[in-house]
Amino acid sequence: MRQEERALVIVGPGRAFGAQLLRRFAREGFALGVIARSADTVGRIEADLASDDVALLGEVADVTEPGAVTAALGTLADALGGLTAVVYNAKLSIRGTALSVPAETVNQTLAVNVTGALTVVQAAAELLADRPSACVLLTAAGPRTEPAAGRLALVIGKAGLLALGTSLAPVLQARGIRLRTVVLEARVAPAGPLTPEAVADHFWNVYAAPRGSVFRLVPPKAPDRAPQLFGDG
């Protein structure tokens, strides 16, 4: 497939590394799209990328509304000439400890962190089928990134996302679609321990890796070392 025919859509671009990830794939010749819950987020990402003359298509949809997010993904696929890769990066984090967080809060976060991912993967499977190098990437976080003491609901959600990816990977593989779960083992911030640029490079390396299903990114142990890429399976 020619580079100009490849397209990436990020669902839930976020503030931590979404723009950098889009730039990284743009450098590889990918057309770009995002789905966000608010028009403000889409506008912010568009403006950020416009400063580098990187074009972006955006759609507004809530991942907890299956019909809306499925339609948004289909609209972007049509506009971009098909899809090659979909990144699910949406999350909902509500503070609460094991003995204080209400069950409803856990259910609320699961609707974004796990059920929303399932909806997107199911919709993406139809759009990615028979596309060369088709790939779905799920963003997860390790316990060192989101300690259970204060963010129990998010930790449960990210663990559920990891389990979801493990279950879906062989099913998608039968359709010629790779599913890869990216586990970020530290907080992402411009000053580290994981920088947005390092995370963006990591996602590209995961996409390009010849094999593997779960990839973990840990921060460097010394200033002169790069973050490490580990692939399981």
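Refer to the structure above for everything that follows.
Since this is a predicted model, take the numbers as computed values, not measurements.

Asker: Explain the overall build of the protein chain here, please?
Answerer: Within the protein chain, the regular secondary structure consists of six helices and eight strands. Relative to a compact globule of 233 residues, whose C-alpha radius of gyration would be 17 Å, the protein chain shows 17 Å and is just as compact. Per-residue burial for the protein chain yields a buried fraction of 49% across its 233 residues. Counting only contacts in the protein chain whose residues sit at least 6 apart along the sequence, the fraction spanning at least 24 positions is 68%. Approximately 10,700 Å² of the protein chain is accessible, and the part contributed by carbon and sulfur atoms is 54%. Distance between charge centres in the protein chain, computed from 22 positive and 21 negative side chains, equals 8 Å.

Asker: Just to check I follow, could you spell out the pairing of strand β3 (residues 57-60) for this structure?
Answerer: Within a regular strand, the side chains alternate between the two sheet faces. The pairing of strand β2 (residues 31-36) with β3 spans four bridges and is classified as parallel. Bridge assignment links I35 to a residue of β3, and that residue is E59. For the segment spanning β2, helix α2 (residues 39-50) and β3, crossover handedness is right-handed.

Asker: I keep staring at the nonpolar core and nothing clicks. Help me out?
Answerer: Side chains of a nonpolar character, in soluble globular proteins, are inclined to be buried together. In this structure, I35 and Y88 are the most contacted members of the largest nonpolar core, which totals 39 residues. Of all elements in the fold, only β1 (7-11), α3 (66-80), β4 (85-88), α4 (103-128), β5 (135-141), α5 (152-173) and β6 (178-184) reach the threshold of two or more residues within this core. Top contributing element to this core by residue count: α4, with nine residues. For Y88, the residues in contact, after removing those within four places along its chain, are V11, V63, V112, G116, A117, V120, L137, L138 and T139. The next biggest cluster of nonpolar side chains, apart from the first, holds 34 residues, and it includes A19, V34, A85 and A186.

Asker: Whenever I open this one, the pairing of β4 confuses me. Can you help?
Answerer: A two-sided burial pattern is seen for β4, the buried positions comprising A85 and V87 on one face and V86 and Y88 on the other. By the bridge criterion, four bridges tie β1 to β4 in an arrangement that is parallel. In the sheet register, I10 faces β4, and the bridge partner there is V87. After leaving β4, the chain enters α4 and then returns to the sheet as β5, a path that is right-handed.

Asker: Would you mind going over the packing of helix α1 (residues 18-27) against helix α6 (residues 196-208) with me for this structure?
Answerer: Packed helix pairs are specified by the crossing angle of their axes together with the interaxial distance, meaning the distance between the axes. The geometry of α1 relative to α6 is characterised by a closest axis approach of 8 Å and an angle of 45° between their N-to-C directions. The angle between α1 and α6 places the two elements in the oblique class. As α1 runs across α6, the sense of the crossing is right-handed. Between α1, through Q20, L21, R24, F25 and R27, and α6, the contact on the second element is made entirely by P196, E197, A200, D201, F203, W204 and Y207. For the contact of α1 with α6, the per-class residue count stands at seven nonpolar, one polar and four charged.

Asker: Help me understand the packing of α3 against α4, please; the structure alone is not making it clear to me.
Answerer: Contact geometry of α3 with α4 gives a least axis separation of 10 Å together with a crossing angle of 30°. Note on packing geometry: the crossing formed by α3 with α4 is right-handed. Between α3 and α4, the contacting residues are P66, V69, T70, L73, G74 and A77 on the first element and T119, V120, A123, A124 and L127 on the second. Residues of the contact of α3 with α4, tallied by class, amount to eight nonpolar, three polar and no charged.

Reading guide: rules and limits
All chains use their own residue numbering, which begins from 1 and follows the written sequence. Residues qualify for local features only when their pLDDT is at least 70, as the model is predicted, and side-chain atom pairs are given and counted only at 80 or more; totals for whole chains, interfaces and linings, by contrast, use all residues. Only heavy atoms go into the side-chain values, all of them from the structure, while hydrogens and water stay out. Here a helix means four or more residues in a row that DSSP labels H or I, a strand means two or more in a row labelled E, and each is numbered from the N terminus. Atoms counted for the radius of gyration: C-alpha only. Globule rule: 2.2 Å times residue count to the power 0.38. Each residue is placed in one exposure class: buried if its accessible area under a 1.4 Å probe, protein chains only, is under 20% of its type's maximum, exposed if it is over 50%, and partly exposed if it falls in between. Residue contacts follow a heavy-atom distance rule, with two residues in contact if any of their heavy atoms lie within 4.5 Å. Values of accessible area rely on a 1.4 Å probe in the Shrake-Rupley scheme; residue burial ignores everything except the protein chains shown. In this charge count, Lys and Arg are treated as positive and Asp and Glu as negative; neither His nor the chain ends contribute. Charged groups are reduced to one reference atom each: NZ for lysine, CZ for arginine, CG for aspartic acid, CD for glutamic acid. If DSSP finds at least two bridges between two strands, the strands pair. Here, the term right-handed applies to a crossover whose path from the first strand over the helix to the second runs clockwise when the strands point away from the viewer. Take the buried residues of types Ala, Val, Leu, Ile, Met, Phe, Trp, Tyr and Cys, join any two whose side-chain atoms come within 4.5 Å, and each joined set is a nonpolar core. Geometry is summarised by axes, namely lines fitted to C-alpha atoms with helices restricted to the contacting stretch, and by angles between N-to-C directions that run from 0 to 180 degrees. Angle categories: roughly parallel below 35 degrees, roughly antiparallel above 145, roughly perpendicular from 65 to 115, and oblique for all the rest. Crossing handedness is read from the near helix: turned anticlockwise from the far helix by less than a right angle, it gives a left-handed crossing, and turned clockwise, a right-handed one. Three classes are used: nonpolar for Ala, Val, Leu, Ile, Met, Phe, Trp, Tyr, Cys and Pro, charged for Asp, Glu, Lys and Arg, and polar for all others, with Gly counted as polar.

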